[in-house]
Every structure is written in structure tokens, then in C-alpha cells.
Amino acid sequence: MNRPERSALLFLLVFAPIYLHGTSVQQGSLVGQRKPFFERLHRLEEQFQRFQEVTLTHLQDIANNYNVSYNVDVRFRRLTEENQAVALAFNRSQAAMQVDLSHLKTWMRKAKRQGRKTDARLQALDLALQAKSKQQAWEEKGQKAQQDVISRLALDVSALQNTLAHLVHQIHNQSTELDALEKQLQVGSPDTAAWGLVLAPNQPAQPGLSLPKLHLEKQALRPPLKHRNLPQDLAATLPRTQKSPTVSNHWASAAAPRDPPQLEWPPQGAGKICNTGPVFIFPNVSTENVVFFSPGFVKGLRALSFCSWIRMTSGYLGTLLSYATEENDNKLVLHGRDSLVPGSMHFVIGDPAFRELSLQPLLDSQWHHICVSWTSLQGRYWLYVDRRLVATGSHFREDYEIPPGGSLVLGQEQDSVGGSFDSAEAFVGSMSGLAIWDRVLWPREVANLVTGKELPIGAILTLANVTSVGGFVQRTNCPCLEHCP
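About the criteria used
- Residues numbered from 1 in each chain as written.
- Predicted model: local features only at pLDDT ≥ 70, side-chain atom pairs only at ≥ 80, totals over all residues.
- Heavy atoms only, no water.
- Pairing = 2+ DSSP bridges.
- Helix = DSSP H or I, 4+ residues; strand = E, 2+ residues; numbered from the N terminus.
- Axes fitted to C-alpha atoms, helices over the stretch in contact; angles between N-to-C directions.
- Salt bridge = Lys/Arg side-chain N within 4 Å of Asp/Glu carboxyl O.
- Buried < 20%, exposed > 50% of the residue type's maximum accessible area, 1.4 Å probe, protein only.
- Core = buried A, V, L, I, M, F, W, Y, C linked by side-chain atoms within 4.5 Å.
- Contact = heavy atoms within 4.5 Å.
- Patch = residues over 30% accessible without salt bridge, like charges linked within 9 Å, V, L, I, M, F, W, Y side chains within 5 Å.
- Areas by Shrake-Rupley, 256 points an atom, 1.4 Å probe, with all protein chains shown as cover.
- Disulfide = S-S within 2.5 Å.
- Phe/Tyr/Trp six-rings, centres within 6.5 Å; stacked < 30°, edge-to-face > 60°.
- Lys NZ or Arg CZ within 6 Å of the ring centre and 35° of its normal.

K.L.:
What exactly am I supposed to notice about the sheet that holds strand β6 (residues 344–349) here?
P.N.:
Within a sheet, each strand pairs with its neighbour through backbone hydrogen bonds, oriented either parallel or antiparallel. Read from one edge of the open sheet, seven strands run β7-β6-β5-β4-β11-β2-β14, paired in antiparallel fashion. A single partner strand is all that each edge strand has here, and the edge strands are β7 (354–358) and β14 (466–470). Strand after strand, the sheet turns through a mean of 20° between neighbouring axes, direction not considered. Where strand β2 (residues 290–293) meets β14, four bridges bridge the pair, whose relative direction is antiparallel. From the neighbouring strand, Phe293 faces β14, where its bridge partner is Val466.

Structure below.
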């Protein structure tokens, strides 16, 4: 109840009895005077009583309204507190939703990048399948041509067998006649032996032919021919007689199918690999196993060479090197996934352009030396393994420049600058002697690297530029790589 209402209530309570008392005195004095006046006073008293009842009713209503106002105030405070709690919960929910939206956007960007990579790989696989289909068609044509050649040669061999059989029969007859002539000369008359005459069958003796010369002529009619140059199935069909080596070699060269030319991998040498510098060991599959360089490339590269000693201990190649910028997270990548064909590696320059390299022999858990070179001039690239050139090509990122200022790491493939690693692309194994040049190395320089003679000049990055090592990566020094754990 406010102050004016309280004052009105006190006024009524104090002055109402006084007024009633004065009214009663006046009524007593005037009862006898005027009856109408008494009646008017009576009516006035009734009106006052009614006024008093109305006043009390209003006072009760005011008190009830005060209680209702107090309850409304309490309820309003409660509603205010509840509103504040709802607003706080809404703010928290909004913040959590913003975080979820940020994660969703990051996941969407990563999914788009993975989709682009998958599309590029599918295109590469499609091209590889087309090339394989063409090669199979070519091989089928070659096999059919070889079968035709073999059929014709079989006919020639049959004719040759008949000719050889006839020649053998003639040689056998001549050998028999020569043997008989030789016996006749050995037991002939003294005059014939004295004169040194050689008598042919059914012919008169002629001077000038001695017995030793006759023996040489006999041997000349039986040349030492063998069957070893003929295929086994054909040699078995020929008589066990002497044949011309020229004919046999001709058959062997014409009948034997020739495989398409392939690049041979040199066996690992018995020599030791020493003085290669620190060794970085990536023991297991983890997104935390990473090696950082700082700085990365300080200037743009229009040519490069990447060389390193590598030992793989997993069933796939993993990521050797990854260079990412804000513009593109795959500016330079050498990586393989466990979902790819084992021994297959993608050489990426400016995603999505890449070349697929086959490095299957690296999966033997032995140390191997690899060098990858590239130049923007005609887009030429080279791959050396154990100083042998095993792959080369052109028209790969012609007139392209790898920009500077990015993040360069070993052992992981970056989906964002310096992070967003994928365990399926992690490297498991060891690296040593790694170096990068801003030019293409000559084959002689690659050979010098493998044999440990010298480091080619102009290396822009080596393992000495490593600034941090993460996860379980171990750094050790081994005098010779064969003794490393």
C-alpha cells in the first residue's frame, strides 16, 4: 500500500468517530425541533455507514491488490531469471552450433579435396586400363603373328628334316666308302704306300694325295654338329646325326618369342652405405609422426631434384614429402596410400596434376636410394632408383612455378597448411641423406650420391634444416645405414 492510501485510511479512522459523535449530539438537541431534519440526519447516517462499508471494501481490495502486486513482482523476477537462463542456454547452443558448423565446413572442404583426388585417381586408373587394354590387344596380335610364324617354321622344319635325313644318308654312304678306302690304303701294295697315292673308290690312283690329307678330307665330310640350339620338342624329332649350326641358330632366333623391353632393377650392392648423416625413423602409423622444415621454399621453383635414402617397413609407400600453401595444399607431394596399389606412388605438382610412379622393389625392407627430378621446360621428369633411371616423361606441368612461402613436411600428406593429416597416407620406415635442389641433377651426380663420393652443389634444403620432430619419430646417427635399427 502506498503513502496516500495509508493517509486516507488514518483520516477516516480518526475523524469518523468524532463526526459520528457530533452528529448524535446534534440529533439529540434537534429531535424535538424538527422531525424532518432528524429523518435527513438518519438518512445521512445510513449513507455514511454505506460509505464506510464501501471504504472498507475498497481498503480490502487495495490490500488484496497489494498482495497480488507482490506476487506479480515475485513472478516477474522468476520470469526474468528464467528468461536469463533460457538466453544463456540459447547462447551456449548457438556457440556449439557455430563450432559444429565450422567442423562441418572443414569436413566439407576436406571431402571436396578428397573427391578431387579420387576423381584424379579414377581418371589415372581409367587411362591405365585403356593403355593396358591396348597393350593386351597388341600382345594378342603379336601372339597370333607368332603362332603364324611358328606354323610356317614348323612346315620349314619338316622340309628341313627331310633334307637333313637325305644329307645324313649321303654322308653315311661317303663315310663307309672312305673307311673302306682307308683300309685299302693301310693294307695296300708297297708301291702304292711308297708313292703316297690316295685312291678314291672306283677311280685310279692319283699322285699328290697322302694319307694324312685323306684323313682330313674324311673329317671335313663329318662336321661336328649338335642339337642343343633347337627346341627340345623339335630336336627330339630329328635324327641323331649332325646338323648345321647355322640352321639351328636361325631356328632358335626365329621361333623364340621376344618379351617387350623392360627396365631392369639393379641388385643391391654388397658395399656399405656410410656417412649419409642423421637418420629419421618413423616407427608406426600415426598422424603425429611428422618432420617439419623451416623455412620451406624461399623462392619459386621452376625445376627441382629430391633425393634420399629410404627403407620401407610397411606394405605400401606412404608419404615421403608434402608442400602446401594457402592456395593449394598439394603444390608438391610424393605420396602413396594404403588404398592404392602396393608400390604405387603419386608425384603431384599443383593438384590435381600428377604422375603415377611404380616403386614396387622398395617394399623389400632394404635401403634404396631414389631421386626425382622435374623441370618446367617441356615438363620433363626423371626417376632414379639406386642410380638407375627407371622412369621418365614429359609434358608434366610445363611452364609451371612452385610458389614460395608454404609449409614443407616429411612423413605426412597435408590437407591444410601444416595439418589435417591422414593416417592412411603416413610414412612408416626410415629416411637419411635427404636433400633438395632447385635444378635437375645430372646422372653422374646421382651416381656420385649413391656411391657416397660427393654431395652435388647448390642444395637448398637438407635434413640440417629440420626444425621440429613430432610424435614417435626418432632421430639417430648411424655410421653405416646397414647397422641402423
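K.L.:
Mind showing me how you'd approach the pattern of salt bridges here?
P.N.:
Where charged atoms from two side chains of opposite charge approach closely, those side chains can pair. Under the counting rule described, the total for this entry stands at eight salt bridges. A salt bridge links Asp415 to Lys117; its shortest N-O distance comes to 3.0 Å. Taken together, the positions of Asp415 in the loop between β11 (407–410) and β12 (429–437) and Lys117 in helix α2 (residues 35–186) put the pair 298 residues apart, joining distant regions of the chain. The pair Asp415 / Lys117 is uniform in exposure class, with both members buried. As a salt-bridge pair, Asp438 and Lys299 come within 3.2 Å of each other at their nearest N and O atoms. Highlighted residues: Asp438 in the loop between β12 and α7 (443–451) and Lys299 in the loop between β2 and β3 (303–312), separated in sequence by 139 residues. Linked by salt bridges that have partners in common, Lys117, Glu413 and Asp415 make up one network.

K.L.:
I'm lost on the nonpolar core in this one. Help?
P.N.:
When a protein is soluble and globular, its nonpolar side chains tend to lie buried together. By size, the foremost hydrophobic cluster in this structure holds 42 residues, and its most contacted members are Phe297, Leu320, Leu332, Phe347, Trp374, Ile402 and Leu410. If one sorts the elements of this core by residue count, β3 sits on top with four residues. Beyond its immediate chain neighbours, meaning those up to four positions away, Leu410 contacts Phe282, Val290, Val291, Phe293, Leu320, Leu321, Met431, Leu434 and Leu463.

K.L.:
Any chance you could explain a nonpolar patch on the surface here in plain terms?
P.N.:
A surface patch of nonpolar side chains, about 530 Å² in accessible area, is lined by Met97, Leu101, Leu104, Trp107 and Met108. Within the element layout of this structure, Met108 appears in helix α2.

K.L.:
Looking at this structure, I do not really get the pairing of β6. What am I missing?
P.N.:
Each regular strand displays side chains that alternate between the two surfaces of the sheet. Burial within β6 is extensive, with six of its six residues counted as buried. Of the two faces of β6, the one holding Ser344, His346 and Val348 and the one holding Met345, Phe347 and Ile349 are both buried throughout. In terms of strand pairing, strand β5 (residues 332–335) meets β6 through four bridges, oriented antiparallel. When the sheet's bridge partners are listed, Val333 is paired in β6 with Val348. Across five bridges, the pairing between β6 and β7 is antiparallel. Bridge pairing in β7 places Ser344 opposite Ser358. Here β6 hands over to β7 after four residues, with Gly350 in that stretch at a positive phi of 70°.

K.L.:
Hey, could you run me through α7 in this one?
P.N.:
One turn of the α-helix equals 3.6 residues, which is why residues spaced by three or four share an orientation. Within α7 the residues assigned to the buried category are Glu445, Val446, Asn448, Leu449 and Val450. Where α7 is buried, its residues touch β3, β8 (368–375), β9 (380–385) and β12. Backbone geometry just downstream of α7 places Gly452 in the positive-phi region, at approximately 75°.

K.L.:
Honestly, the state of the cysteines in this entry has me stumped. Any pointers?
P.N.:
Covalent bonding between the sulfur atoms of two cysteines defines a disulfide. As enumerated under the stated definition, the model contains three disulfides in all. Between the sulfur atoms of Cys274 and its disulfide partner Cys480 the distance amounts to 1.9 Å. The disulfide joining Cys274 to Cys480 has a torsion of about 90° about its S-S bond and is therefore right-handed. One end of the pair, Cys274, is in the loop between α6 (245–255) and β1 (278–282); the other, Cys480, is in the segment after β15 (474–477), and 206 residues separate them in sequence. In this structure Cys274 comes out as partly exposed when scored by relative accessible area, which is 28%. Each sulfur in the disulfide pair Cys307 and Cys371 lies 1.9 Å from the other. Looking down the S-S bond of the Cys307 and Cys371 bridge, the torsion is 120°, so its handedness is right-handed. Remark: Cys371 occurs in strand β8 and Cys307 occurs in strand β3; sequence separation between them is 64 residues. Cys371 carries the same exposure label as Cys307, and that label is buried.

K.L.:
Any chance you could explain the pairing of β1 here in plain terms?
P.N.:
Within β1, five of the five residues are buried, which leaves it mostly tucked inside the rest of the structure. Here four bridges tie β1 to β15, and the two strands are oriented antiparallel to one another. Its bridge partner being in β15, Val279 is matched across the sheet by Thr476. The pairing of β1 with β12 spans four bridges and is antiparallel. Note that in β12 the partner of Val279 across the bridge is Ser432.

K.L.:
Would you explain the packing of aromatic side chains in this entry?
P.N.:
The description of an aromatic ring pair uses the distance of the two centres, along with the angle that the planes make with each other. As enumerated under the stated definition, the model contains five aromatic pairs in all. Measuring from ring centre to ring centre gives 4.5 Å for Phe297 and Tyr323, while their planes differ by 45°; the resulting arrangement is tilted. Here Tyr323 lies in strand β4 (residues 321–324) and Phe297 lies in the loop between β2 and β3, a separation of 26 residues in the sequence. Both residues of the pair, Phe297 and Tyr323, count as buried. Taking the centre distance of 5.9 Å and the plane angle of 80° together, the rings of Tyr381 and Phe396 count as edge-to-face. Taken as a pair, Tyr381 in strand β9 and Phe396 in the loop between β10 (388–393) and β11 lie far apart in primary sequence, 15 residues in all. The class for Phe396 is buried, based on a relative accessible area of 1%. Within the aromatic cluster, the residues linked to one another by ring pairs are Phe347, Tyr381 and Phe396. The side chain of Arg397 reaches across the aromatic face of Tyr400, ending 4.5 Å from its centre.

K.L.:
Could you clarify how one ought to interpret unusual backbone geometry in this entry?
P.N.:
Keep in mind that most residues, glycine aside, have a negative phi and that most peptide bonds are trans. For the peptide bond that leads from Ser294 to Pro295, omega is -5°, which places it in the cis range. Within the element layout of this structure, Pro295 appears in the loop between β2 and β3. Even without a glycine there, the phi angle at Gln378 is positive, about 65°. Within the fold, Gln378 resides in the loop between β8 and β9. With a phi angle near 55°, Asp399 is a residue other than glycine that sits in the positive phi range. If you trace the backbone, Asp399 turns up in the loop between β10 and β11. By relative accessible area, Asp399 is classed as exposed at 60%.

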